[in-house]
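# Overview (structure and organization)
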Amino acid sequence: MISVIIPAAGQGKRFGAGTNKAFVSLAGKTILERTVAAFSDLPEVSEIIIVIAPDELDEIKRQVKFYPRQDIIKAVAGGSERQYSVENALAAIRDDAEIVLIHDGARPLISRRVIHQVIKAVRDNSAAIVAVPVKDTIKVVDSGGFVTSTPVRSELWAVQTPQGFKRSLLIQAYKKAREENFLGTDDSSLVERLGIPVKIVPGEYENIKITTPEDLPIAKMILTENRERDLL
């Protein structure tokens, strides 16, 4: 069984909409609705847990009534950090879950192809994340603003979501992080601390995270292009 956790409890200050950006409209549907649909459309997904700010629980429960497969969707309150939000969702996950996928609520353009590849990679390797090769040259800079080194670009990947793990492994990683007061930058960083190799699944540059208002027209353009391509 596959469970999906969708963190959407962030305040989205950079977006500046005065509301959770997950509820902002993207071509006739909310960003969150499109994100959830990407997973609810897959028959192998048996559970979707949306993590939302405590004061938005009533609103998301109202919205979910209009989502497809609403019977597999539930909402839990998030924490002060994304890591704590995912931890809350893990505590609410079904006992028979074998694989857990974690996907940003603000990434509504994830494709079925990539999701399926992540699921396969988790079954084969226990841990997998979506990423794309970095296009730009990256510099390491010190506190004074001076370059200290230039990493080899071919070794650098920009990480996206979903990130997928065997459930038992993810719970173990979160338990260790909690015991050691470690706050990671993503879920994979917690698993890496266990010495577990994490498989990279090549993603798509279209799988953008909607962070600022400028990202909305880009997302709409991608949606339009994808629809036109599907009609060919």
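As the structure is a prediction and not an experimental result, all values here were calculated from the model.

### Describing the packing of aromatic side chains
All chains considered together, the criterion is met by zero aromatic pairs. The residue whose ring lies beneath Arg193 is Phe182, and the NZ or CZ to ring-centre distance is 4.1 Å.

### Looking at the side chain of Gln83
Structurally, Gln83 is set in helix H3 (residues 82–91). By relative accessible area, Gln83 is classed as buried at 8%. Within the structure, Gln83 has its side chain in polar contact with the backbone oxygen of Phe182 (distance 2.9 Å). Every residue in contact with Gln83, bar those within four places of it in the chain, is listed here: Tyr174, Ala177, Phe182, Leu183, Gly184 and Leu190.

### A few points about the pairing of strand E6 (residues 99–102)
Because side chains alternate across E6, one face comprises the buried residues Ile99 and Leu101, and the other comprises Val100 and Ile102, equally buried. Alignment of strand E1 (residues 2–7) against E6, held across four bridges, turns out to be parallel. The residue bridging Ile5 from the neighbouring strand is Ile102, located in E6. Sheet analysis places E6 next to strand E10 (residues 157–166), joined by four bridges and oriented antiparallel. Opposite Ile102, over in E10, you have Gln163 as the bridge partner.

### Details of the pattern of salt bridges
Across all of its chains, the model carries 14 salt bridges by this definition. Its salt-bridge partner being Asp41, residue Arg112 comes within 3.9 Å of it at the nearest N-O pair. In this pair, Arg112 is assigned in helix H4 (residues 112–125) and Asp41 in the loop between helix H1 (31–40) and strand E4 (45–52), connecting sequence segments 71 residues apart. Of the residues examined, Arg112 reaches a relative accessible area of 48% and is grouped as partly exposed. In this structure, Asp104 engages Arg107 in a salt bridge whose closest nitrogen and oxygen atoms are separated by 2.9 Å. With respect to burial, Asp104 and Arg107 carry one shared label: buried.

### Description of the sheet that holds E10
Taken together, seven strands build an open sheet; the order of strands is E5-E4-E1-E6-E10-E7-E11 and the sheet is mixed. Edge positions in the sheet fall to strand E5 (73–77) and strand E11 (199–202), since each of these pairs with one other strand and no more. The mean angle between the axes of side-by-side strands here comes to 25°, regardless of whether they run parallel or antiparallel. Most of the contacts of helix H5 (residues 167–179) go to E10, to which it runs at about 110°, and overall it touches E6, strand E7 (127–133) and E10.

### Overview of H5
For H5, which comprises 13 residues, the first-to-last C-alpha distance of 18 Å matches the rise-based estimate of 18 Å (1.5 Å per residue) to within 8%. All of the buried residues in H5 are Arg167, Leu169, Leu170, Ala173, Tyr174 and Ala177. With its buried residues spanning 165° around the axis, H5 presents them on a single face. The exposed residues of H5 that point more than 90 degrees off its buried face are Ser168, Lys175 and Glu179. Tucked inside the fold, the buried residues of H5 contact H3, E6, E7, E10 and helix H6 (187–192). Backbone geometry just downstream of H5 places Asn181 in the positive-phi region, at approximately 55°.

### Regarding the nonpolar core
Of all hydrophobic cores here, the largest spans 33 residues; its most connected members are Leu32, Phe39, Ile48, Ile50 and Leu101. Sorting the residues of this core by element identifies E1, H1, E4, helix H2 (57–64), E6, H4 and E7 as the ones contributing at least two each. The leading source of residues in this core is H4, at six residues. Ignoring anything within four residues of it in the chain, the contact list for Phe39 reads Val4, Ile6, Val45, Ile48, Leu101, His103, Ile110, Ile115 and Pro162.

### Observations concerning the pairing of E4
Along a regular strand, successive side chains alternate from one face of the sheet to the other. The element E4 is extensively covered by neighbouring structure, given that seven of its eight residues are classed as buried. Pairing between E1 and E4: six bridges, direction parallel. Bridge pairing in E4 places Ile6 opposite Ile50. Sheet topology places E4 next to E5; five bridges connect them, and they run parallel. Residue Ile52 lies in a different strand from E5, and its bridge partner there is Ala77.

About the thresholds
- Residues numbered from 1 in each chain as written.
- Predicted model: local features only at pLDDT ≥ 70, side-chain atom pairs only at ≥ 80, totals over all residues.
- Heavy atoms only, no water.
- Phe/Tyr/Trp six-rings, centres within 6.5 Å; stacked < 30°, edge-to-face > 60°.
- Lys NZ or Arg CZ within 6 Å of the ring centre and 35° of its normal.
- Helix = DSSP H or I, 4+ residues; strand = E, 2+ residues; numbered from the N terminus.
- Buried < 20%, exposed > 50% of the residue type's maximum accessible area, 1.4 Å probe, protein only.
- Polar contact = N/O pair within 3.5 Å; in protein donor to acceptor, adjacent residues only side chain to side chain.
- Contact = heavy atoms within 4.5 Å.
- Pairing = 2+ DSSP bridges.
- Salt bridge = Lys/Arg side-chain N within 4 Å of Asp/Glu carboxyl O.
- Axes fitted to C-alpha atoms, helices over the stretch in contact; angles between N-to-C directions.
- Expected span 1.5 Å × (residues − 1).
- Arc of directions from axis to C-beta.
- Core = buried A, V, L, I, M, F, W, Y, C linked by side-chain atoms within 4.5 Å.

Taken by themselves, the reported measurements are silent on function.
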